[in-house]
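Next come the chains, spelled out residue by residue.
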Amino acid sequence: MDFHYGKKQALHGLNLQIPARKVTAFIGPSGCGKSTLLCCFNRINDRIPGAHVSRGAIRIKGKNIYDDDVDLTQLRNQVGMVFQKSNPFPKTIYENVVYGLRVHGVSKRSVLDEAVERCLRSAALWDELKDRLHDYALGLSGGQQQRLCIARAIASKPDILLMDEPCSALDPLATLKIEELIHTLVKEYTVVIVTHNMQQARRVSDYTAFLYLGKLIEFATTQELFVNPREKQTDAYVRGQFS
């Protein structure tokens, strides 16, 4: 796959298969195309004027998500996303979780209540927040806000969960909780995470892709890529000798 922002090519000939129900990490220096690639998977890049796939396809369950008949709302239900900076809506905790369900016409209280408990439990927040569901989300700590965004992302029961540096703004304890959560979430979802923290990639992922200058240099199991990389560029990067 090739991807352009207008005339500028951002991704060059990428070819990889991301396994289901595993954690795949994208690593590489700033500006290498990690987040661009991640945002192709639910076509958020479509919002940028001139952004387009110029060659190739991205297939989820065999369907090219760039086909003309793809419904973007349904795609983004199927492929949830958690951003680098937690972005809860200025609503209650309850309304944050059920926001996507309400958008799709779900209004039955029992269904919404079930979704809130299910998602907050999945995000390891239920015990902390079950008595505060009608408090405003913006009053939560940074780590709680990020886990609430994860709960919101999984409310529509997506197949895939994208995470763009979800711990970059968090302290070590909050980071640990998110990493523990990822290990739980992968039992139900395919997780793809962008991270600048190579130790985090080693801790949480099953597979790792190393990108550089918009090209996929190496894709392998995390153990193989960090311990016995095939490419010299990969070896230099994971050793901290990259220039």
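Residues numbered from 1 in each chain as written. Predicted model: local features only at pLDDT ≥ 70, side-chain atom pairs only at ≥ 80, totals over all residues. Heavy atoms only, no water.

Enquirer: Could you give me a rundown of the pairing of strand E11 (residues 215–221), with the residues and numbers involved?
Expert: Strand direction decides the pairing type here: strand E10 (residues 207–212) and E11, joined by six bridges, are antiparallel. Each residue of the ladder has a partner; that of Phe210, found in E11, is Glu218. (Pairing = 2+ DSSP bridges. Helix = DSSP H or I, 4+ residues; strand = E, 2+ residues; numbered from the N terminus.)

Enquirer: Can you lay out the environment of Ala10 for me, pointing to particular residues and giving the numbers?
Expert: Note on placement: Ala10 falls in strand E2 (residues 8–11). Along the backbone, Ala10 and Leu37 are 27 residues apart, and their C-alpha atoms lie at a distance of 9.0 Å.

Enquirer: Mind laying out the pattern of salt bridges, listing which residues take part and the relevant values?
Expert: Pairing between side chains becomes possible if they bear opposite charge and their charged atoms approach one another. Overall, the coordinates contain 15 salt bridges when judged by the stated rule. When the shortest N-O distance is used, the salt bridge between Lys63 and Asp69 registers 2.8 Å. We classify Lys63 as partly exposed; its relative accessible area is 34%. Taking the relative accessible area as the measure of exposure, Asp69 reaches 58% and is therefore exposed. Several salt bridges share partner residues, and in doing so they unite Lys63, Asp67 and Asp69 into one network. (Salt bridge = Lys/Arg side-chain N within 4 Å of Asp/Glu carboxyl O. Buried < 20%, exposed > 50% of the residue type's maximum accessible area, 1.4 Å probe, protein only.)

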